[in-house]
Amino acid sequence: MNRFNLSEWALGHRSFVWYLMLAIVAAGAFSYLRLGREEDPSFAIKTMIVQANWPGATVEEMTNQVTDRIERKLQELNTLDFTKSYSTSGQTTVFVNLKDTTPGRDIKAIWLDVRAKINDIRPDLPTNVQGPFFNDQFGDVFGNIYALTADGLSFRQLRDYAEQARTQVLKIPGAGRVELLGVQDEVIYLNFSTRHIAGLGVDQQAVLQSLQAQNAIAPSGTVQAGAETVSLRVTGQFTSEDSLRAVNIRVNDRFFRLIDVATVTRGYVDPPQPMFRFNGQPAIGIAVGMKANGNVIQFGEDLKTRMRQIVSELPIGVGVHLVSNQPAVVAEAVGGFTQALFEAVVIVLAVSFLSLGLRAGLVVAIAIPLVLAGTFVFMEYSGITLQRISLGALIIALGLLVDDAMISVEMMVARREVGDSLEKSATFAYTSTAFPMLTGTLVTVAGFVPIGLNGSSAGEYTFTLFAVIAAALLISWVVAVLFTPLLGVSLLPRTVAKRSEKPSRLRAGFSRILLLAMRWRWLTIGLAAALFALSVAGLGLVQNQFFPSADRPELLVDMTLPQDSSIAETKKQMDRLEKALPGDKDIVRWSSYVGRGAVRFYLPLDEQLANPFFGQVVIVTTDVAARDRVAERLRKLLRDDFVGIDGFVHPLDLGPPVGRPIQYRIGGPDIQTVRRLTQEFASVVAANPNVGGIVYDWNEPGKVLKISVDQNRARQLGVSSQDIATMLNNVVGGSSITQMYDSIYLINVVGRAERAERVALETFQGLQLAGRNGQPIPLFAIADMQFELEQPIVWRRDRQPTITLQAGVLGGLQPATIVDQLKPAVAKFAAALPADYSIAVGGTVEESAKGEQPIADVVPLMLFLMATVLMIQLQSFQKLFLVVSVAPLGLIGVVAALLVSDQPLGFVAILGVLALIGIIIRNSVILVAQIDAFLAEGLTPWNAVVEATGHRLRPILLTAAAASLGMIPIAREVFWGPMAYAMIGGIIVATLLTLLFLPALYAAWYRLKEPT
């Protein structure tokens, strides 16, 4: 460092350095305007969905023959964390969950590997299995949602306009996936009377085959007519329901019209597909996604312009309503954080001007935009957008990035007071403190390493905290040694009064306290150790938290009916719920999804897949306070008026989605045993008064009408089990015969029984089949019918049936606290479980552990980097011990601040506590370096410690004030509050300990004696 003085070089090339400053500011302003805007940082959803259908299969057949084969093959994945699946009659859905530490960049390749592995087992799956199908876009976000409603128009006409709107939206630059919600496919139904057909002696299957043959599209060839090629076209395909009514059919030498045996109607799929409503009205939703790394706000403006054009072209009667407006949310969030950043800048500037004076404070003030500009350039070229984490990181960094500039200016002022010239004082800071400042900066950056190298989903969510702070701190060191000396020479006065021999009141008062601490060194050390022990004990009083709820006004209401419920019953119950919403002054609007959960309009949303027994309402309230009021009213309504229905009212989450906060999983090989154990365990959980609303993800059995066929009798009459199954399927749901082409749509032609024959179970006893030679055969003549119970759905985890017990929290305790309270009872219950059965904690506690364990894995690397950097600077194990010994004592301030403010120790707060280590050590290493400098000048060891501490008093207090006060604007944020309080308390206490405990420990360690 002594061979080349960067500050001296800057003073020798002033014009070029001024040019660099202007260029950085200009580039930073340009980068700021180009930075993308988001509400939250993106993180990979490490889940893929594999689905397969096997029409006619029971739940047990589906589980054993399809689900298990898929899950078994998936276990070959090296990166697999666990598989989770649910199987229903004829369908299976498998969730492929990767390890939380799987790098996001590897996920696409892993999904290709999943496809390859599952394709390998296709030949091993039962015949007639459809699929498997894959969905690796489970994490796509649709930030903008519009609802189209119709007044006086058919649903088909509304869909036409929605398709036209989707086509127009896809033309917007930056538009990603655009999906339609709540669409109901059109169907042409051929309603047969099974009794009538059987009475006529007509084989229904022959009728359907005749229709398929007429409607088939087959190549009819081409003719080479001389120089021309003429294609041949055969007509006969159906073009409308009228063309079907006009069909004449010949079956078994009998000629008749189709309408003699069937009624032809045009309608929509029955049962309905998942439905979408807006403010209680049937609607079609247009969910618009954006391409990755785009500017949400700019995309929102482009979309708004395009939607105005679309609305202007729509006829009267079509209403367009805004359901979700992510650009507005992002603009408000970025605006709020920008305001907080501005407030932090004002606070830091106030600290600078009040403590350093106008001119010296101005030097520090100019360093702020220089560092921010350089950081914005780094963010643009690193692909980091302006969002919750990066903006919070800028605010946290703001109080730290002025440290180096303050130290440099303070050193210049101090040297001027002893008579040095401006130029000499400007270059002296580099020779005396540049390397200790760099060491302190690198140690501070190392404190954030667990955030940067934490591979969990939570770590990925907070990664930009490390990247932005590290960049800002490193840039601030360059600014302090390259630009600050030139600014000081240009702005500080040429003449200055020499330092008074009489110290200031602050320094004089502090010197008396310091001398007492050093004289009573063991008492000082003992008090610090006692306070540390007290804080460790007090840490048990601080509640743990994963991530808090979001501060958005949306409220989600999940309705889960018994799992054998129809989508019609789900709609009926949701209609009842929605009747309570109109007229509520706290509610702005709401949208509802019947048969599925809300589309992912918010990245951390816990998206629910399509199931007929599930529905979800998304309510937008006026503000957060209104959201809480509406939530209380709805919880009471669901509790009182929706008995037997699982109603879960909750706000949006921050960070990776979790669902209900308290969860336990009980798994084992036998379903009935798992059910029994879960019901027993529910009483254990319910004994805790802080637990409420206990539900299971599955448990209750459903009715099944089992038809036992007398195979000998059936063969005698020329009827097979397949004939019976096909006939029953045609009766209750219908089967697709063929398709009709209408514009861009494919319309299925479905044959089924008349309504009276398909909605009442009693009608099955009177059903008749067409036997050999067309004679009618009553179903009861060849089969017996009886009701049985079976599980309508089976959830598995890692190939074992697993029931998840889920519960909410009553009162103000955190889920982790309640789980700790339940630990003894849970351990006792687990010890009595049969072999091969297990119980595991899920929910927020499990997800928190997933996020915290990778941090713990990286902490040794953080400590190694800190120790290495410190050893390069200090070249002494003893001094390394002294510097590091102060760091754990920051816990005193952390615990005190969290307890006083009643804040939990959340995931983000833990990151802040780890970062405190580097911040505390930074001041310690600079103080120890100053002691070494005074020893080198010939001071006695005692006086060197006293003078160095007094010399570093004002810079340390200033940097602590800037760092702690600068975080006040984010202390009111739900997300950043716990971290801000923890760091403010830790910095304040650690600063005092650095100035008193470290000198006392230094004196004790080296056995220093006060000179007489």
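Preceding this section is the structure that the text describes.
This is a predicted model, so every value here is computed, not measured. (Residues numbered from 1 in each chain as written. Predicted model: local features only at pLDDT ≥ 70, side-chain atom pairs only at ≥ 80, totals over all residues. Heavy atoms only, no water.)

A. Structural view of the overall build of the chain. A count of helices and strands for the chain gives 32 helices and 30 strands. Considering only C-alpha atoms, the chain reaches an extent of 125 × 80 × 55 Å along its principal axes. Across the 1012 residues of the chain, 54% fall into the buried class. A separation threshold of at least 6 residues defines the contact pool for the chain, and within that pool the share at least 24 residues apart is 81%. Put simply, the chain has 86 plus and 88 minus side-chain charges, and the middle of one group is 6 Å from the middle of the other. (Helix = DSSP H or I, 4+ residues; strand = E, 2+ residues; numbered from the N terminus. Buried < 20%, exposed > 50% of the residue type's maximum accessible area, 1.4 Å probe, protein only. Contact = heavy atoms within 4.5 Å. Lys, Arg positive; Asp, Glu negative; His and termini not counted. Charge placed at Lys NZ, Arg CZ, Asp CG, Glu CD.)

B. The pattern of salt bridges, seen in detail. Following the criterion strictly, the structure yields 39 salt bridges and no others. In this structure, the salt-bridge partner of R34 is E380, at a minimum N-O distance of 2.6 Å. Here E380 lies in helix 11 (residues 358-382) and R34 lies in helix 2 (residues 14-34), a separation of 346 residues in the sequence. In the salt-bridge network here, residues are joined through shared partners; they are D68, E71, R72, R796 and R799. (Salt bridge = Lys/Arg side-chain N within 4 Å of Asp/Glu carboxyl O.)

C. Representation of the sheet that holds strand 7 (residues 186-192). The sheet built from four strands is open, its strands ordered 12-7-24-23 with mixed pairing. If you trace the sheet from one side to the other, it starts and ends with strand 12 (262-268) and strand 23 (735-742), each paired once. With strand direction ignored, the average angle separating the axes of adjacent strands in the sheet is 25°. With seven bridges connecting them, strand 7 and strand 12 associate as antiparallel partners. If you follow N191 over to strand 12, its bridge partner there is T263. Relative to strand 24 (residues 745-753), helix 5 (residues 155-169) is tilted by about 155°, and along the sheet it contacts strand 7, strand 12, strand 23 and strand 24. (Pairing = 2+ DSSP bridges. Axes fitted to C-alpha atoms, helices over the stretch in contact; angles between N-to-C directions.)

D. Highlighting helix 9 (residues 296-313). For helix 9, with 18 residues, the first-to-last C-alpha span of 26 Å sits near the 26 Å given by 1.5 Å per residue. Listing the buried residues of helix 9 in full gives V296, F299, G300, L303, M307 and I310. Looking straight down helix 9, one finds its buried side chains confined to an arc of 95°; they lie on one side. Exposed and oriented more than 90 degrees from the buried face of helix 9 are R308 and S312. In this fold, the buried residues of helix 9 make contact with strand 5 (144-150), helix 5, strand 6 (175-181), strand 14 (281-290), strand 15 (318-325) and helix 10 (326-356). (Expected span 1.5 Å × (residues − 1). Arc of directions from axis to C-beta.)

E. Looking closely at the side chain of S885. Among the secondary structure elements, S885 is positioned in helix 27 (residues 877-885). Separated by 2.7 Å, the side chain of S885 and the backbone oxygen of L882 make a polar contact. If we skip the residues at most four places from it in the chain, S885 touches F997 and L1001. (Polar contact = N/O pair within 3.5 Å; in protein donor to acceptor, adjacent residues only side chain to side chain.)

F. Broad picture of helix 26 (residues 843-874). With 32 residues, helix 26 ought to run about 46 Å at 1.5 Å a step, and its terminal C-alpha atoms sit 46 Å apart, in line with that. Along helix 26, the sharpest change in direction is near 30° and occurs at V858; proline P860 comes one to four residues later. Among the residues trailing helix 26, Q875 stands out with phi positive, at a value near 55°. (Bend = angle between axes of the 7 residues up to and from the residue.)

G. The environment of L487, seen in detail. Mapping L487 onto the fold places it in helix 16 (residues 463-491). Sequence separation of L487 and I366 is 121 residues, and the distance between their C-alpha atoms is 8.3 Å.

H. Structural view of the packing of helix 27 against helix 29 (residues 907-936). Two numbers describe how helix 27 lies on helix 29: the axes approach to 8 Å, and their chain directions differ by 140°. Relative to helix 29, the element helix 27 lies oblique. For the pair helix 27 and helix 29, the crossing hand works out as right-handed. Every residue of helix 29 that contacts helix 27 at K879, V883 and V884 is listed here: I921, S924, V925, V928 and D932. Of the residues that constitute the contact of helix 27 with helix 29, the class distribution is five nonpolar, one polar and two charged. (Parallel < 35°, antiparallel > 145°, perpendicular 65-115°, else oblique. Left-handed = near helix turned anticlockwise from the far one by under 90°. Nonpolar A, V, L, I, M, F, W, Y, C, P; charged D, E, K, R; others polar.)

I. View of a nonpolar patch on the surface. On the surface, L453, L861, F864 and L865 cluster together into a nonpolar patch covering about 360 Å² of accessible area. With respect to the element layout, L865 can be found in helix 26. Taking the relative accessible area as the measure of exposure, L865 reaches 33% and is therefore partly exposed. (Patch = residues over 30% accessible without salt bridge, like charges linked within 9 Å, V, L, I, M, F, W, Y side chains within 5 Å. Areas by Shrake-Rupley, 256 points an atom, 1.4 Å probe, with all protein chains shown as cover.)

J. Summary view of the packing of aromatic side chains. Scanning the model with the defined rule gives 13 aromatic pairs in all. With a centroid separation of 4.8 Å and 45° between ring planes, the pair formed by Y1002 and Y1006 is classed as tilted. Each residue in the set W9, F16 and Y19 is aromatic and connected to the rest through ring pairs, giving one cluster. Its end group placed over the ring of F642, R576 keeps NZ or CZ at 4.2 Å from the ring centre. The positively charged end of R660 is found above the aromatic ring belonging to F648, 4.2 Å away from the centroid. (Phe/Tyr/Trp six-rings, centres within 6.5 Å; stacked < 30°, edge-to-face > 60°. Lys NZ or Arg CZ within 6 Å of the ring centre and 35° of its normal.)

K. Highlighting the packing of helix 27 against helix 32 (residues 977-1005). Contact geometry of helix 27 with helix 32 gives a least axis separation of 10 Å together with a crossing angle of 150°. In this view, helix 27 runs roughly antiparallel relative to helix 32, as classed from their interaxial angle. Relative to helix 32, helix 27 is oriented so that their crossing is right-handed. Every residue of helix 32 that contacts helix 27 at Q878, F881, L882 and S885 is listed here: F997, L998, L1001, Y1002 and W1005. Class assignment of the residues belonging to the contact of helix 27 with helix 32 gives a composition of seven nonpolar, two polar and no charged.

L. Quick peek at the environment of S683. For S683, the location among the structural elements is in helix 21 (residues 671-686). In this structure S683 comes out as partly exposed when scored by relative accessible area, which is 49%. Between the C-alpha atom of S683 and that of L208, which follows or precedes it by 475 residues, the distance is 56 Å. Engagement of the side chain of S683 in a polar contact is seen with the backbone oxygen of E680, the distance being 2.6 Å.

M. Highlighting the pairing of strand 13 (residues 275-278). Taking every second residue as pointing to the same face, both faces of strand 13 are buried, with M275 and R277 on one and F276 and F278 on the other. The pairing of strand 13 with strand 17 (residues 587-594) spans four bridges and is classified as antiparallel. By the bridge assignment, F278 is partnered in strand 17 with S591. Relative to strand 14, strand 13 is paired through three bridges, and the arrangement is antiparallel. Bridging across to strand 14, F278 finds its partner in Q281. Between strand 13 and strand 14, which follow one another and run antiparallel, lie two residues, and N279 among them has a positive phi close to 50°.

N. Layout of the side chain of T149. By the secondary structure assignment, T149 is in strand 5. Only 2.9 Å separates the side chain of T149 from the side chain of H321, close enough to count as a polar contact. With residues near it in sequence (within four places) discarded, T149 still touches L158, Q281, P282, A283, G317, V318, G319 and H321.

O. Main features of the environment of A480. With respect to the element layout, A480 can be found in helix 16. Counting along the chain gives 183 residues from A480 to Q663, while the straight-line C-alpha distance between them is 51 Å. Non-local contacts of A480, meaning those with residues more than four positions away in its chain, are made with D404, A405, S408, M437 and P485.

P. A look at the nonpolar core. By size, the foremost hydrophobic cluster in this structure holds 233 residues, and its most contacted members are L465 and W976. Top contributing element to this core by residue count: helix 29, with 18 residues. When sequence neighbours within four positions are dropped, the list of residues in contact with L465 reads I389, A393, I396, I451, L911, W976 and M979. Counting 23 residues, the second largest nonpolar core, distinct from the first, contains M48, V96, I107 and I118. (Core = buried A, V, L, I, M, F, W, Y, C linked by side-chain atoms within 4.5 Å.)

Q. Representation of unusual backbone geometry within the structure. Put simply, G131 and P132 share a cis peptide bond, and its omega is 0°. Structurally, P132 can be placed in strand 4 (residues 130-135). In this model, D270 is joined to P271 through a cis peptide bond whose omega is 5°. Mapped onto the secondary structure, P271 falls in the loop between strand 12 and strand 13. Even without being glycine, N279 reaches a positive phi, approximately 50°. Topologically, N279 is positioned in the loop between strand 13 and strand 14. Positioned with a positive phi, R1007 is a non-glycine residue whose angle comes to about 50°.

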